[in-house]
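Chain by chain, the residues:
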Amino acid sequence: MSANVVPSSPHVMNTYGRLPIALSHGQGCRVWDTNGRAYLDGLGGIAVNTLGHNHPELVPALQDQISKLIHSSNYYHVPGQEQLATKLTELSGLTNAFFCCTGLEANEAALKLARKFGHDKGIERPEIVVYEAAFHGRSIATLSATGNPKVQQGFGPLVEGFIRVPLNDIDALKKATEGNPNVVAVFFETIQGEGGIHPMRWEYLRQVRALCDQRDWLMMIDEVQCGMGRTGKWFAHQWAGIKPDVMPLAKGLGSGVPIGAVVAGPRAAHIFGPGNHGTTFGGNPLAMRAGIETIRIMEEQNLLENAATVGAHLKAALEREFAGLAGVKEIRGQGLMLGIELDRPCGVILGRACDAGLLLSVTADSVIRLVPPLILSIAEADEIVAILAPLVKAFLTEPQP
């Protein structure tokens, strides 16, 4: 039997703290590395692989599209764009969509929309409200909107025009913006992902919607990670019974094919005109087919219901397993977007879980994040708990540095 080969990437820029494995292939909620070892995928490519791996309906559809047309150009109409935009507006209750390739690009477009919205009203220096612990991307503008000093460090000067407030505090939002005529938008994640799985309370979302209506601000909701069925509704803000004016999407929309979108309602849908924004790769026929087929399969296989049911089962099982355990501060999230917050940094859990055959992530230093494919079964949820619980319990018995 040949020895395991440890992968390396010496010519790739060193921008990631990678685990010492390379994945080869997958099936359903499982993946295999290049040495043949299997893992249960509790990360889903960071909330990307909605349909898991090698889905028997998605793969043939993508193969069919590749044989026809992968990329054309936005000089021409792309029929798949209208088809996918129609579906997204139907699901969201909004009116128009712009397509790009990533969540960062979708968020960048949202920020541009807000600024032009302000300029069109005669505001020379528009300002946008953003939130503590938010994460919106790593471009200079989205980094500036992000609330994590650690990822901002070394990239100043950041873009001006952002007002930062705490989560779920309507009085703090009112105080931070009182008498400021330059505010044009409020921008936030319904459930913060990279920031540690922090949800916005439904009543707070309704309060922000009312304030935006009162003050003529755009309500812009970043659903890049928490959208596309992950919480049991198409978009997490729908639990509060509201609609945003601008909604960036990405990640799970294409089940692994790079795709981003900005879906907008009547107040924002026609802010951009020809020449105001654009993209080379965004909206290409392959990505559009991936989005169309992902939504079709999600509907036919009732994956929103599955996310809600299996997610509730997984959360309850974790709560039972860790009940009263010193060191576990909180288990939070909704559907198949869950975080386990410990009272200390727990980055080592990432590698230990991998060694035990489970892929997950640790975010905000002390939060174990689970965002598996939406096809996850009850049995696989129980398997996640069976692998993870002993690791966490053993970790919490170790002396703190």
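Under the annotation held in an unreviewed UniProt entry, the chain carries the name Acetylornithine aminotransferase and is attributed to Variovorax ginsengisoli. Turning to the chain, the UniProt record has this under Subcellular location (unreviewed entry): "Cytoplasm". UniProt's Catalytic activity (unreviewed entry) comment on the chain is quoted here verbatim: "N(2)-acetyl-L-ornithine + 2-oxoglutarate = N-acetyl-L-glutamate 5-semialdehyde + L-glutamate".

J.: Whenever I open this one, the pattern of salt bridges confuses me. Can you help?
T.: Opposite charge on two side chains permits them to pair, given that their charged atoms come into close proximity. Enumeration according to the criterion identifies 26 salt bridges in this entry. When the shortest N-O distance is used, the salt bridge between Lys121 and Asp216 registers 2.9 Å. With Lys121 in the loop between helix 4 (103–120) and strand 5 (127–131) and Asp216 in the loop between helix 8 (202–215) and strand 10 (218–222), the pair connects residues that are 95 residues apart, well separated along the chain. The exposure class of Lys121 is partly exposed, given its relative accessible area of 37%.

J.: So what exactly am I meant to see when it comes to the nonpolar core here?
T.: Across soluble globular proteins, nonpolar side chains have a tendency to be buried as a group. In terms of nonpolar packing, the biggest core is built from 63 residues, with Leu88, Leu314, Leu318, Ile340, Leu342, Ile368 and Leu388 touching the most fellow members. Per-element accounting of this core gives the leading share, ten residues, to helix 12 (residues 378–397). Grouped together as the second largest cluster of nonpolar side chains are 24 residues, Ile128, Val130, Leu218 and Ile271 included.

J.: How should I be thinking about unusual backbone geometry in this particular structure?
T.: When glycine is set aside, most residues are seen to have a negative phi, and most peptide bonds are trans. Note the cis peptide between Gly156 and Pro157, where omega equals 0 degrees. Within the secondary structure, Pro157 is located in the loop between helix 6 (149–152) and strand 6 (162–165). Phi is positive for Ile46, close to 65 degrees, though the residue is something other than glycine. Its place among the elements puts Ile46 in helix 1 (residues 44–47). The backbone phi angle of Asn168 is positive, close to 60 degrees, even though this residue is not glycine. With respect to the element layout, Asn168 can be found in the loop between strand 6 and helix 7 (170–177). Take Asn168: its relative accessible area is 16%, and that puts it in the buried class.

J.: Looking at this structure, how should I read the pairing of strand 1 (residues 23–27)?
T.: Side-chain direction in a regular strand flips from residue to residue, so the side chains alternate between the two faces of the sheet. One ladder, built from four bridges, connects strand 1 with strand 2 (residues 30–33); its direction is antiparallel. From the neighbouring strand, His25 faces strand 2, where its bridge partner is Trp32. The turn joining strand 1 and strand 2, which pair antiparallel and follow one another in sequence, is formed by two residues; a positive phi near 65 degrees is taken by Gly28.

J.: What exactly am I supposed to notice about the sheet that holds strand 15 (residues 358–359) here?
T.: Each strand in a sheet pairs with its neighbour through backbone hydrogen bonds, running either in the same direction (parallel) or in the opposite one (antiparallel). Spatially, 1-2-3-15 is the arrangement adopted by the four strands of the open sheet, whose pairing is mixed. Looking at strand neighbours, the two that pair on one side only are strand 1 and strand 15, the edges of this open sheet. Here two bridges tie strand 3 (residues 38–41) to strand 15, and the two strands are oriented parallel to one another. Bridged to Asp41 within strand 15 is Leu359.

J.: Help me understand a nonpolar patch on the surface in this model?
T.: A cluster of nonpolar residues, Ile140, Phe155 and Leu158, forms a patch on the protein surface that exposes about 260 Å² of accessible area. Since its relative accessible area comes to 46%, Phe155 is described here as partly exposed.

J.: How do you make sense of the packing of aromatic side chains when you look at a structure like this?
T.: Remark: the centre distance and the inter-plane angle together describe each pair of aromatic rings, the angle taken between the planes. Enumeration over the complete set of coordinates arrives at four aromatic pairs. Centre to centre, the rings of Tyr131 and Phe188 are 5.8 Å apart; their planes meet at 75 degrees, and the pair counts as edge-to-face. A residue pair is termed long-range when its members are at least 10 positions apart, and Tyr131 in strand 5 and Phe188 in strand 7 (residues 183–189) qualify at 57 residues. For Tyr131, a relative accessible area of 1% corresponds to the buried category. Ring plane angle 90 degrees and centroid distance 6.4 Å describe the contact between Tyr131 and Tyr204, whose orientation is recorded as edge-to-face. Placement of Tyr131 in strand 5 and of Tyr204 in helix 8 is noted, with a sequence separation of 73 residues between them. Sitting above the plane of the Trp239 ring, Lys233 keeps its charged end 4.7 Å from the centroid.

Conventions and cut-offs
- Residues numbered from 1 in each chain as written.
- Predicted model: local features only at pLDDT ≥ 70, side-chain atom pairs only at ≥ 80, totals over all residues.
- Heavy atoms only, no water.
- UniProt positions renumbered as here; feature names shortened; annotations may be inferred.
- Salt bridge = Lys/Arg side-chain N within 4 Å of Asp/Glu carboxyl O.
- Helix = DSSP H or I, 4+ residues; strand = E, 2+ residues; numbered from the N terminus.
- Buried < 20%, exposed > 50% of the residue type's maximum accessible area, 1.4 Å probe, protein only.
- Core = buried A, V, L, I, M, F, W, Y, C linked by side-chain atoms within 4.5 Å.
- Pairing = 2+ DSSP bridges.
- Patch = residues over 30% accessible without salt bridge, like charges linked within 9 Å, V, L, I, M, F, W, Y side chains within 5 Å.
- Areas by Shrake-Rupley, 256 points an atom, 1.4 Å probe, with all protein chains shown as cover.
- Phe/Tyr/Trp six-rings, centres within 6.5 Å; stacked < 30°, edge-to-face > 60°.
- Lys NZ or Arg CZ within 6 Å of the ring centre and 35° of its normal.

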